[in-house]
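Listed below, chain by chain, are the residues.
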Amino acid sequence: MRSRSKHTLIEALEIEYVELTPDRVVMTMPVGPKTRQPAGILHGGASVALAETVASIATVINIDPEKFNPVGMEINANHIRSKTDGVVNATATPFHKGRTTMVWDIKITDEDGQLICISRCTMAVIAKR
């Protein structure tokens, strides 16, 4: 899985894998020049990119990646607290794991466990041609 991250947004944002299980995926992302907005705080789009990434990885480990691709269908996010530096941790747990869709609850926290962002991401499971 890590080798598939080469030359992708995962690599560009320095997102790292921490825990990969069928019902819990944890990834981290540094908060720095690549992920800040001009005001110097974590860009909401970077948080959403992290949220969709963790949901995508959570989906792919629950399907046969030789036969199916996970693709984002819908994502929402509520930005709770700002962050200027350090690392954020994204944890995805399932609301629903179906044959053609999966819905993930994602919580993004800082190093102290303070909530930075909450997100819900719906993934479609598409058959490869």
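Criteria and cut-off values
- Residue positions within a chain follow its written sequence, with the count starting from 1.
- Two thresholds apply to this predicted model, a pLDDT of at least 70 for residue-level local features and 80 or more for giving and counting side-chain atom pairs, whereas whole-chain, interface and lining totals are computed over all residues.
- Side-chain figures throughout are based on the complete set of non-hydrogen atoms in the structure, without hydrogens or water.
- The method works on a 1 Å grid over the protein atoms by themselves. A cavity is a set of points holding a 1.4 Å probe that cannot get out, a pocket is an open set with protein on both sides within 12 Å along at least five of seven lines, and residues with an atom within 4 Å of a point line them.
- Grid points are joined across faces, edges and corners, and a volume is the space filled by probe spheres set on the points.
- Numbered from the N terminus, helices here are DSSP runs of H or I no shorter than four residues, and strands are runs of E no shorter than two.
- Think of it this way: DSSP has to see at least two bridges between two strands before they count as a pair.
- Axis lines are fitted through C-alpha atoms, for helices just across the contact stretch, and the angle between N-to-C directions can take any value from 0 to 180 degrees.
- Here's how the labels work: a residue is buried when its accessible area is under 20% of the maximum for its type, exposed when over 50%, partly exposed in between, all with a 1.4 Å probe on protein chains only.
- Here, two residues are considered to be in contact whenever any of their heavy atoms come within 4.5 Å of each other.
- Polar contacts, as counted here, are pairs of nitrogen or oxygen atoms within 3.5 Å of one another; within protein the pair requires one atom able to donate a hydrogen and one able to accept it, and residues that are adjacent in sequence qualify only if both atoms are side-chain atoms.
- The salt bridge definition used is simple: a Lys or Arg side-chain nitrogen within 4 Å of an Asp or Glu carboxyl oxygen.

A. Looking closely at the layout of surface pockets. Each pocket or cavity is described by its volume, and for the largest pocket that value is around 380 Å³. What lines the largest pocket is a set of 18 residues, and nearest its centre among them are Arg4, Thr8, Ile10, Ser56 and Ile57. Elements supplying a minimum of two residues to the lining of the largest pocket: helix H1 (9-12), helix H2 (44-60) and strand E3 (68-79). If you tally residues by element for the lining of the largest pocket, the top one is H2, at six residues.

B. Quick peek at the sheet that holds strand E2 (residues 24-31). An order of E1-E2-E4-E5-E6-E3 is seen for the six strands of this open sheet, with the pairing classed as antiparallel. The open sheet has two free edges, formed respectively by strand E1 (16-21) and E3, since each of these has just one partner strand. The mean inter-strand angle of the sheet, taken between neighbouring strand axes irrespective of direction, is 20°.

C. Main features of the side chain of Thr122. Among the structural elements, Thr122 can be located in strand E6 (residues 115-127). For Thr122, a relative accessible area of 15% puts it in the buried group. Not counting the four nearest positions on each side in its chain, Thr122 is found in contact with Val71, Gly72, Met73, Glu74, Met102 and Val103.

D. Highlighting the side chain of Lys83. Structurally, the position occupied by Lys83 is in the loop between E3 and strand E4 (86-97). Taking the relative accessible area as the measure of exposure, Lys83 reaches 10% and is therefore buried. Among the polar contacts listed, one links the side chain of Lys83 to the side chain of Glu111, at a separation of 2.8 Å. Leave out the neighbours within four places in its chain, and Lys83 touches Val31, Gly40, Ile41, Leu42, Val88, Asp110, Glu111 and Ile116.

E. Layout of the pairing of E2. With six of eight residues buried, E2 lies mostly within the body of the structure. Where E1 folds back onto E2 in an antiparallel hairpin, the turn is made up of two residues. Note: E2 against E4, seven bridges, orientation antiparallel. Following the sheet pairing, Val31 is matched in E4 by Gly86.

F. Summary view of the pattern of salt bridges. Overall, the coordinates contain six salt bridges when judged by the stated rule. For the salt bridge of Arg24 with Glu19, the shortest nitrogen-to-oxygen distance reads 3.0 Å.

G. Structural view of unusual backbone geometry. One non-glycine residue, His7, adopts positive backbone phi at about 60°. Looking at the element boundaries, His7 is found in the segment before H1. Of note in this structure, Glu14 is not a glycine but carries a positive phi near 60°. On the secondary structure map, Glu14 appears in the loop between H1 and E1.

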